[in-house]
Every structure is written in C-alpha cells, then in structure tokens.
Amino acid sequence: MVLYRNFAKPFFFKMDPEAAHHLVIGGLEKAAALPGGRSALRLMYGVPETPELAVDLFGLHFHTPVGLAAGLDKNAQAVPGFSSIGFGFMEVGTVTPKGQPGNEQPRLFRLPSDEALINRMGFNNEGAEVMARRLKAESGRTIPVAVNIGRNKTTGNEDAHEDYRKCIRTLYPYGDFFVVNISSPNTPDLRSLQHGSELSRLLSEVKQEMELQRGASGIRKSILVKIAPDVSAAELEYMVHTLTEGGMDGIIATNTTIRREGLTHESASETGGLSGKPLRDRSTEVISAIYRQTKGKLPIIGSGGIFSARDAYDKIRAGASLVEIYTALIYEGPEVNRRIHAGLRNLLRRDGFRHISEAVGADVQI
C-alpha cells in the first residue's frame, strides 16, 4: 500500500486517465509474459486460497470471492496478469461483435475528492474475433473468466439480440461464463433493453443461443445479466422477475450510475457512468432487494463502491455470493485484494460464520 500510494499512484495520477489505463494494461500483459513473471506477481500480490472464502458457483471454483469488474481489460489483453494479483475471477469486455472506437476523448475522469471515476468510453474494443483469438492463445488459465457482451453502437435495439448472439457464438468456447450488459449509460438507448417486451425478447434470444452452443459443445456455461442502479423499485421488481422467468443464471448488481448527488469534485458534471464510493450504498440496496424478491435463489455478484473488506462484507450480507472491484484498484492499488481477503476472514470469524456462504443474505429478512 505504501509503495503504491507514495510512488506509483502519484505517477499515474499525473497522467491522462486513459493513458494511465493503457499503461497499466500493457505493463501487466508484458510482466506476465516474462519468464517467472506470473510467479513474481503472485508473490507480490497473490491471495492464497482459504477454505472459508472459497466459493463454488456456476459450476466453477472461485478461490476467493473478489473479482475484477468489466471495463478494465476490455480486450482480454492482460488476463494472465490480472489472474496473478489476487483476483478470484475477472470479467473481460464489454466486447461487441465488431470492433469500434467508442466515444470521443476525453472520456475518462478521476474524482479524487470523491474517490470515484466517471467514464463515457462507449464500448471501445477490438471486437469479438480478436478477443476469441487472445483467449484461445492463453495457456494455464488460473481463475474463471467471464465475457461481458454488448451491442455495437450502430445496431438498433430492435436488432440488438443479433449482436449478443454473435458474441456468444464467437466466444462460447473461450469464456467460463457470460454477462449480458444492458446497463451501460454510454451507448445510446442501451438501458431501454432492461424494460418491457425488449427485455423479454432479448433474454429469450440469448438463452436460445446459449442452449445451441451447449448442445454443440456438450458444455453448459452460465449466463448473467448486469443491471443499472438507476431504476425504481417497481422497475427493479419487473426486471428481476423477467430475468428469473427468462432462465438467467444470475445477476450482477450494479453497473455505474448517472446520479451525481453529494459529489464535490469539479469533474462531477461530466456525463457518463459514475463508479466508486458514491455508488456503494445504492448498489448494496439493489442487491438486498434482489435477494429478498428471489428468496436467495438467484445468485448475485455485487459490484459498486467496494474499497474495503467491510464494503464487500456488507454486500455479501445483503445477498451477494461474489463481489467485484474496479475503482478501488485505481485508488488503492493491487494490494487491495490481500487487504479485503484478510478483512473478510476476520469479519466471518467475528460473526461466528464458518464459511462465506453462511453470511450471504444474513441481513435480509425474507
């Protein structure tokens, strides 16, 4: 923590945020490719498996419940590197069928006084075919990798299902599970897919494609949906009901927010999705509501504002079986994984839980 805060963080924070982002991704990619590079990263930042925090879910084993959210490694460039710094799983993407440049720069902003980020990247990525080649070429994957999929900017919502199906067809052999992103605020009208008949149709098409790929490969893989925090109680209830009826295997709650309450930084007025500490409480509320509605039967991955073991634990007690970080990695550095892992073990012991599964939903009355 001292090394990152005193040396690396000041260096990165003097750079343009997106330039720093690319530097980190490229650095991790190169470090992991060096002889002994992965071992060195694990020695510095790795998290050993402990029985009370290991999770088996979606037919996969997670040696720690803390993963990396989508958006950092958009093109699966640094999977070996991220796999070696203490994450129990990671999302790559969001990926679209065709590569696209995303929105105009600048499109990523730090808000240090709020410990937050605002991005309006717009699904900039190299496309599904490029990601498939990268994931195919990787050897010795050590953690589950989820592929987060979206639609191209030029594809209308009426044809969105085709883009999601294309991504699944292209990447099914290489992802361990899949996440349907219909909640980014940075692609025009994308969030409309969360509601009404559009959601039902999309889920039906996605489920059908997953079943086709399962039949062709003989391997079943799970499909989750990532939802937005900016919904009313009635909208959330409808979405969760539709996801359950549509046969989805889980929910990621939540994506970034377009709300700006309580921010102090001068960049607060920038458009885009806000992540970091200001999102923490709202995402936990959404997790709790989902867990209560589904009576704990639909697995939840909690995401939004996790900086500490206490933040992660609150989401677990609200109903999350796994959690993800993103902004905390930018502000706290890779040592944050060890700190959260150690803190979670202490919190479980304090409350008399022998395993993390016993804490899931402990604060929710069903």
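Model, not experiment: these values are computed from the prediction.

A.B. asks: Could you give me a rundown of unusual backbone geometry, with the residues and numbers involved?
C.D. replies: Along the chain, Q105 connects to P106 via a cis peptide bond; the corresponding omega equals 0 degrees. The amide bond that connects A253 to the next residue, T254, takes the cis arrangement and shows omega of 10 degrees. Here T254 is to be found in the loop between β12 (250–253) and β13 (273–276). Although it is not a glycine, E115 sits at a positive phi angle of roughly 50 degrees. A positive phi is found at F123, a non-glycine position, where the angle reads about 55 degrees.

A.B. asks: Any chance you could break down the pairing of strand β9 (residues 145–149) for me, citing the residues and the numbers?
C.D. replies: The element β9 is extensively covered by neighbouring structure, given that five of its five residues are classed as buried. Residues of β9 alternate between two faces, with V145, V147 and I149 on one and A146 and N148 on the opposite face, all of them buried. Where strand β4 (residues 89–95) meets β9, five bridges bridge the pair, whose relative direction is parallel. Along β9, the bridge assignment pairs G93 with N148. Across four bridges, β9 lies against strand β10 (residues 177–181) in parallel orientation. Bridge pairing in β10 places I149 opposite V180. Read from β9 through helix α6 (residues 160–171) to β10, the crossover connection turns out right-handed.

A.B. asks: I'd love a proper account of the sheet that holds β13, names of residues and values included.
C.D. replies: Pairing between the strands of a sheet is mediated by backbone hydrogen bonds and can be parallel or antiparallel. A sheet is described by the order of its strands in space; here three strands give the open sequence β6-β7-β13, paired in antiparallel fashion. Across the chains shown, the open sheet's two edge strands, defined by having one partner strand only, are β6 (108–111) and β13. Sheet twist, expressed as the mean angle between neighbouring strand axes with direction ignored, is 20 degrees. Across four bridges, β6 lies against strand β7 (residues 116–119) in antiparallel orientation. Bridging from a neighbouring strand, R110 pairs with L117 of β7.

A.B. asks: Which residues make up the packing of aromatic side chains, and what values go with them?
C.D. replies: Here the structure, examined in full by the defined rule, presents eight aromatic pairs. Across the ring face of F13, the terminal group of K9 is positioned such that the distance to the ring centre comes to 5.3 Å. If you follow R110 out to its NZ or CZ, it ends over the ring of F13, 4.4 Å from the centre.

A.B. asks: With reference to specific residues and values, describe the pairing of β12.
C.D. replies: Judged by which residues are buried, β12 turns out to be covered on both faces: G250 and I252 on one side and I251 and A253 on the other are all buried. In the sheet, strand β11 (residues 222–227) pairs with β12 via four bridges, with the strands oriented parallel. The residue of β12 that forms the bridge with K226 is I252. In the classification by handedness, the crossover that spans β11, the intervening helix α8 (residues 233–245) and the parallel β12 is right-handed. As judged from the three bridges shared by β12 and strand β14 (residues 300–303), these two strands associate in the parallel manner. Bridging across to β14, A253 finds its partner in G302.

A.B. asks: Hey, could you go over the environment of A359 for me, with residue numbers and the actual values?
C.D. replies: Mapped onto the elements of the fold, A359 is located in helix α13 (residues 356–359). Along the primary structure A359 and L348 are separated by eleven residues, whereas in three dimensions their C-alpha atoms are 7.6 Å apart. Contacts of A359, omitting those with residues within four sequence positions, involve Y313, I316, R317, L348 and F353.

A.B. asks: Now, about the layout of surface pockets: what can you tell me, with residues and values included?
C.D. replies: By rolling a water-sized probe across the atoms, one finds the places where empty space is left. If you add up the space inside the largest pocket, you get close to 700 Å³. Considering the residues around the largest pocket, the lining is formed by 29 residues, among which Y4, A8, F12, V24 and P334 are closest to the centre. Of all the elements in the fold, those that place two or more residues in the lining of the largest pocket are α1 (2–13), α2 (17–33), α3 (37–45), β6 and α11 (327–332). If you add up the space inside the second largest pocket, you get close to 150 Å³. Lining the second largest pocket, in full, are H21, H22, I25, G26, L72, D73, K74, N75, Q77, R107, M121 and N124. Looking at the lining of the second largest pocket residue by residue, the class counts come to three nonpolar, six polar and three charged.

A.B. asks: I'd love a proper account of the sheet that holds β14, names of residues and values included.
C.D. replies: Strands sit in the order β3-β4-β9-β10-β11-β12-β14-β15 around a closed barrel of eight strands; the barrel is parallel. Pairs of neighbouring strands in the sheet enclose a mean axial angle of 25 degrees, with direction left out of account. Contacts from helix α5 (residues 128–137) reach β4 and β9, with the element oriented near 150 degrees to β4. Along the sheet face, α8 touches β11 and β12 and points at about 170 degrees away from the line of β11.

Each value, and the rule that gives it
Residues numbered from 1 in each chain as written. Predicted model: local features only at pLDDT ≥ 70, side-chain atom pairs only at ≥ 80, totals over all residues. Heavy atoms only, no water. Helix = DSSP H or I, 4+ residues; strand = E, 2+ residues; numbered from the N terminus. Buried < 20%, exposed > 50% of the residue type's maximum accessible area, 1.4 Å probe, protein only. Pairing = 2+ DSSP bridges. Right-handed = clockwise from strand over helix to strand, strands pointing away. Axes fitted to C-alpha atoms, helices over the stretch in contact; angles between N-to-C directions. Phe/Tyr/Trp six-rings, centres within 6.5 Å; stacked < 30°, edge-to-face > 60°. Lys NZ or Arg CZ within 6 Å of the ring centre and 35° of its normal. Contact = heavy atoms within 4.5 Å. 1 Å grid on protein atoms, 1.4 Å probe; cavity = no way out; pocket = protein on both sides within 12 Å on 5 of 7 lines; lining within 4 Å. Points joined across faces, edges and corners; volume = space filled by probe spheres on them. Nonpolar A, V, L, I, M, F, W, Y, C, P; charged D, E, K, R; others polar.

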